[in-house]
There are 2 protein chains.
Amino acid sequence: MSTDRLSALTRQHRPLLHQALGVLRSREHWSPYPEDPDDPVAYRDQDAAEGERAFQRLLDTPFDLDQPGRDGTVGPSPEEGGEVSPYGFPLGIAYPHCDPAALLAAQRAAMAGWRTATPLERAAVCAEILARINARSHEFARAATHTSGHGPVMAFHAGAVHAQDRGLEAVALGYAEQTRLPAEFTWRKPLPGGRLFALDKTFTVVPRGISLLIANAVFPAWNGYPGLFASLVTGNAVVVKPHPRAVLPLALTVRVAREVLRETGFAPDLVCLAAERPGEQLAKRLAVHPDVRIIDYAGSGTFASWLTAHAPQARVHTAASAVNSVLLHSTSRYRDMLANLAFTLALYSGQLCTSPQNIVVPRTGIATDEGHKSYDGVVADLGAALDTLLADDERAAAVLGALYAPHVLRSVRTANSGHLGPVAHPSRAVTHPRHPRAVIRTPVLVSLDAGRTADRVTLMTEWPGPVAFAVAVDSTEAGIDLIRRTAREQGALSAGAHTTDPHVERALVDACADSGVTLSLNLTGDWYLTQSAVYSDLHGTGLNPSGNSTYGDASFVTGRFRTVAVRRAADAA
Amino acid sequence: MSTDRLSALTRQHRPLLHQALGVLRSREHWSPYPEDPDDPVAYRDQDAAEGERAFQRLLDTPFDLDQPGRDGTVGPSPEEGGEVSPYGFPLGIAYPHCDPAALLAAQRAAMAGWRTATPLERAAVCAEILARINARSHEFARAATHTSGHGPVMAFHAGAVHAQDRGLEAVALGYAEQTRLPAEFTWRKPLPGGRLFALDKTFTVVPRGISLLIANAVFPAWNGYPGLFASLVTGNAVVVKPHPRAVLPLALTVRVAREVLRETGFAPDLVCLAAERPGEQLAKRLAVHPDVRIIDYAGSGTFASWLTAHAPQARVHTAASAVNSVLLHSTSRYRDMLANLAFTLALYSGQLCTSPQNIVVPRTGIATDEGHKSYDGVVADLGAALDTLLADDERAAAVLGALYAPHVLRSVRTANSGHLGPVAHPSRAVTHPRHPRAVIRTPVLVSLDAGRTADRVTLMTEWPGPVAFAVAVDSTEAGIDLIRRTAREQGALSAGAHTTDPHVERALVDACADSGVTLSLNLTGDWYLTQSAVYSDLHGTGLNPSGNSTYGDASFVTGRFRTVAVRRAADAA
């Protein structure tokens, strides 16, 4: 084992881990991974141009990954499972396909050495993996762009640095939880008659087993790193099953992880990629394997339920679908509110799990610093704010990114057709300046009435992509009740509101506590409902159908390992 | 709300809670609840004689418990579900039976006020409940004796003070986990251009819902208090479904809890007793109710699996069956080892979940300070140690307690008949000096050979009560392997060994880490394999079929509540 390398890394990353732990208590703003793509220190080895070149070198070649049990290839052609960029070209990458039985056998064997490392050593190895990924953030951002369809800022943030933040957050939490108990101590108990009985005790962390990551296509890194690093730092092996549309970001991740593990004297097979052939149903096959003891899944509610029912041997963490709402009640900054809301709807074409769908507005209108605004007036003004934001195609394309999958385009078309309700503001196609085949659409705004049964069915359904409903409600109370019911029945990850009335605020706070939704109030300017500040904001509550887990919470890591004790007779002091 | 009473209790119990939190880190010996039944301070209001009188007053009367939805009675006659003391007389207590739907409806309503209390207030209320139970420990001990069949020391410890310890441990853990995050703070992020963006954030604890405790008959308090108090302190309501043989300890507990809740201005229905009519299958009916979001169960592996499969809406914590082993390899204190082991086998008739069943001995014998001892010699000497310990009926009855249920007696009879293997040391009936109808049996020791298939099936099965097997193995390695396999396949909560060889010790430590079992080495004198020191020892690992949960571990409380955030636009400082 390369113990010199390992102890050097442990010394190097220990201060960072302790800094992360401090921030996890204070919840203040912090990140070791600069958000500025032009940061001259962090990205000195790979700037934007070099990141683009590195990405180009990946295209149309076999992806080099030395894993056991190789029995074929996934890709390069789309028919063989190769990825196609949402910006309109096939990536042409061929990934190794490996026999799942061979992968799991190699992972079982790999765990022996990893388990005996200290929690700090494992955390340092994880921090080094993240540091190397961070140094290549431009390359990872390009990979995110051409798999998930992110625009450039979204790709550099959610596809790279913020995902790294979520990863390090999980590492720090896992390190802290594993070191709660003393590794060894002597327990002394006074006995009747003044004698002292003593036992030498040790506590040893034991991982649960193999951890399966079933990743999604929209944010494979941001939704994937929490589970990957939480399981890895707690001593488990991790098999990564990427979404067929977004293999590259996780293939790069797995390759870096294997490289660092190898260099530090551990078995690289602790982290393996399980790329999937078309129709292989690999997620289901892996999920029910008796050696798979942890599952992290981000995707549909249907498959989340399937996993919970069919993989009782595993601890299943899910992040599933959400129907998010915003209530407009009153504001002292009407124009800023509209601009903020328009950006929120447009950002990555509303494809974030925290993007709002239902804009709830009392049919009597709202009070603003520009006087009373009618329901129709608010809807028209929001449409105008979208037009202002997205007037220029180049800027619009950067904010919107591309639709990542055909079913998202179908969702937009249905809403734009008027079948769901009157189109208050139509979607339009945007032409990307350099990728004319990219599928890009502006948000469509449809008017619905919560008093109509058909409209209630529509708004209580998740419509992926840039589809928003302006929902007229009879009263503020009815609006709050609708938001609560939607979260409880359909799941929600975020709720927003604009109100200057403390009573309305109080009622909203209660409704969101009841239904387990993060509430954002009166956001204007440079922060948006969809955003989640790692180390400060928790993501998900597990209290509604949007999932059972919370990134950043102790409960996300505590079940991934257990503690086994040894008690030895000792001579009392 | 009696806020004065509540703030007084909060001030009073806060130092205790913080002391508990300190000990949970240091794991040193500590308890606020004296083990000495004659402690003049703790038990000044109720000494042993007064405890006995209080118990006698409970007999042959209706149990007073003012709960909603009352629709009948459980007991007093055994045919109607009334309890019968293992010491040979019916308790004659009639418990109220309540409509489960009414209980759950009352609990839903009760949670609103409880949720808005602070974590410290909830913890203080829980600590007060435990303090009042502690003051009545003699009465609780008598209730344990005449439901579970404990002897006097076991009843006062596991039936009273140690159960209270497990309860306070859960309260302290729950308090700590709920206060990890700041209740409110301002988050500030520097923006490009030197501006500062700010959000005021709050974190609020939200309970999962109603928590169901399905208790066992052997240690309803010790196995029940962890889940009860972990759920209550984290804001949930708790419905307590006692085992039909052991209602009284939990009925008393529920009554105290309701009394304290009422006095502090909370709804008493936060804690309800769901006593069960014969054949009612109340545990199953409650477990699948959509409002039941947490389940704590102690009992059979079969029902634990049923719950996991049929109650996916709930977080299910299980403590199930165990087949525990001791390896005898070598010792420098042969006589002390035998005496310790004999006591361990006899204590509460081997009915503890940590009682050993398989005494694994190499067929070539073991090395001792008295020279080499053959397998037959060791078995004979262990039998003699049992005889010495249990020679006197009165002392034997105190150590053994009574068999708590007919199936335990059947288990002893089967082993004693020679059907399982040669009886190396037979069980005998013990006559209790004051309860001639008590069913009391000394341990039976049966010789088995791990090389024989039929014997392996026998030893890999859980035999309740005072049934122990002296298992001959080919080698020490084979013995360690058997212990590992038994734990992995059948579940185990404790493993013991006597060895002076560091290599054997190392192999045992690895085997127990692999199979998730607490290992106790070379215990002699005043501490026994079966014992678990609250605040120091964890109980259970969740790594083998003996259950999925660990008392004393953060993972036991973290999933019982969630955190919901509110983010408000703030003016940057």
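Residues numbered from 1 in each chain as written. Chains lettered and ligands numbered in written order. Predicted model: local features only at pLDDT ≥ 70, side-chain atom pairs only at ≥ 80, totals over all residues. Heavy atoms only, no water.

Undergrad: Explain the packing of aromatic side chains to me, using residue names and the numbers behind them.
TA: Counted according to the given criterion, the structure contains 28 aromatic pairs over all chains. Consider the rings of A:Phe63 and A:Tyr95, whose centres lie 5.5 Å apart with planes at 40°: the pair is tilted. Of this pair, A:Phe63 sits in the loop between helix H2 (48–58) and strand S1 (70–74) while A:Tyr95 sits in strand S4 (residues 95–98), placing them 32 residues apart in sequence. Per residue, the accessibility class of A:Phe63 equals that of A:Tyr95, and both read buried. Ring centres 6.2 Å apart and planes at 25° place the aromatic pair A:Phe197 and B:Trp527 in the stacked group. Here A:Phe197, found in strand S6 (residues 196–207), pairs with B:Trp527, found in the loop between strand S20 (518–521) and helix H18 (555–558), and the two come from separate chains. Considered together, A:Phe197 and B:Trp527 belong to a single accessibility category, that of buried residues. Among the aromatic residues, those joined into a cluster by ring pairs are A:Trp187, A:Phe197 and B:Trp527. Over the aromatic face of B:Trp187 sits the side chain of B:Lys201, whose NZ or CZ is 4.2 Å from the ring centroid. (Phe/Tyr/Trp six-rings, centres within 6.5 Å; stacked < 30°, edge-to-face > 60°. Helix = DSSP H or I, 4+ residues; strand = E, 2+ residues; numbered from the N terminus. Buried < 20%, exposed > 50% of the residue type's maximum accessible area, 1.4 Å probe, protein only. Lys NZ or Arg CZ within 6 Å of the ring centre and 35° of its normal.)

Undergrad: Which residues make up the interface of chain B and chain A, and what are the values?
TA: Contacts between the two partners involve 72 residues from chain B, matched on the other side by 72 residues from chain A. Surface buried jointly by chain B and chain A totals about 5,900 Å² across both partners, of which 52% is contributed by carbon and sulfur atoms. It is B:Arg180, B:Arg562 and B:Arg567 in chain B that bury the most area against chain A; as a group they hold 14% of the surface buried on that side. With its nearest N and O atoms 2.9 Å apart, the salt bridge here joins B:Lys189 to A:Glu35. Put simply, chain B and chain A have 39 residue pairs in polar contact (both at pLDDT 80 or more) between them. When residues of the side of chain B that touches chain A are traced back to their parent elements, those giving at least two are helix H1 (3–26), helix H6 (152–178), strand S5 (184–190), strand S6 (196–207), helix H17 (502–515), S20, H18 and strand S21 (561–570) of chain B. Of the residues contributing to the side of chain B that touches chain A, the split by class is 31 nonpolar, 19 polar and 22 charged. Of the pairings in the sheet, the one linking strand S21 (residues 561–570) of chain A to S20(B) comprises three bridges and is parallel in character. Bridging across to S20(B), A:Val566 finds its partner in B:Leu519. (Contact = heavy atoms within 4.5 Å. Buried area = accessible area lost by both parts, 1.4 Å probe. Salt bridge = Lys/Arg side-chain N within 4 Å of Asp/Glu carboxyl O. Polar contact = N/O pair within 3.5 Å; in protein donor to acceptor, adjacent residues only side chain to side chain. Nonpolar A, V, L, I, M, F, W, Y, C, P; charged D, E, K, R; others polar. Pairing = 2+ DSSP bridges.)

Undergrad: An account of the pattern of salt bridges is requested, with residue identities and associated values reported.
TA: The full count for this structure, using the stated rule, is 72 salt bridges over all chains. With its nearest N and O atoms 3.5 Å apart, the salt bridge here joins A:Arg285 to A:Glu280. The class for A:Arg285 is partly exposed, based on a relative accessible area of 46%. Note on A:Glu280: relative accessible area 13%, which makes it buried. The network of salt bridges with shared partners includes A:Arg115, B:Asp481, B:Arg484, B:Arg485, B:Arg488 and B:Asp514.

Undergrad: Can you tell me about the pairing of strand S18 (residues 467–473) of chain B, naming the residues and giving the values?
TA: In summary, the side chains of a regular strand alternate between the two faces of the sheet. All names here are of chain B. For S18, the buried fraction is high: seven of the seven residues fall into the buried class. Residues Val-467, Phe-469, Val-471 and Val-473 line one face of S18 and the alternating positions Ala-468, Ala-470 and Ala-472 line the opposite face, and both faces are buried. Sheet topology note: the strand S13 (residues 356–362)/S18 ladder contains five bridges and is parallel. The residue bridging Val-361 from the neighbouring strand is Ala-472, located in S18. As defined by bridge partners, strand S17 (residues 444–449) adjoins S18 across six bridges and the pair is classed as parallel.

Undergrad: Any details on helix H16 (residues 476–490) of chain A? Residues and values, ideally.
TA: The terminal C-alpha atoms of H16(A) lie 21 Å apart, and with 15 residues this matches the ideal 21 Å at 1.5 Å per residue to within 8%. Phi turns positive one or two residues past the end of H16(A), at A:Gly491, with a value near 90°. (Expected span 1.5 Å × (residues − 1).)

Undergrad: Could you give an account of the side chain of A:His317, naming the residues involved and the relevant values?
TA: Residue and element names in this part refer to chain A. With respect to the secondary-structure elements, His-317 resides in strand S11 (residues 315–319). A polar contact is formed between the side chain of His-317 and the side chain of Arg-560, at a distance of 3.5 Å. Those residues within four positions of His-317 in sequence are excluded, and the remaining contacts are Ile-294, Ile-295, Asp-296, Tyr-297, Asn-548, Ser-549, Phe-556 and Arg-560.

Undergrad: Give me the lowdown on the confidence of the model for chain A, citing residues and values where you can.
TA: It should be kept in mind that the predicted coordinates are not to be read in detail where pLDDT is low. Mean pLDDT over chain A works out to 96, with 99% of the residues at or above the 70 mark. Across the predicted assembly, pTM comes out at 0.96 and ipTM at 0.95. (pLDDT = per-residue confidence, 0-100.)

Undergrad: Summarise the sheet that holds strand S7 (residues 210–214) of chain B; cite the residues concerned and give the values.
TA: In sheet architecture, strand pairing relies on hydrogen bonds along the backbone and comes in two forms, parallel and antiparallel. Residue and element names in this part refer to chain B. Reading across the sheet, the five strands line up as S9-S8-S7-S10-S11 and stay open at both edges, with parallel pairing between neighbours. Strand pairing shows two members of the sheet lacking a second neighbour, strand S9 (271–273) and strand S11 (315–319), which therefore form its edges. Averaged over all neighbouring strand pairs, the angle between strand axes comes to 15°, with direction disregarded. Helix-sheet contacts for helix H3 (residues 100–116) involve S7, strand S8 (237–241) and S9, and the interaxial angle to S8 is about 155°. (Axes fitted to C-alpha atoms, helices over the stretch in contact; angles between N-to-C directions.)

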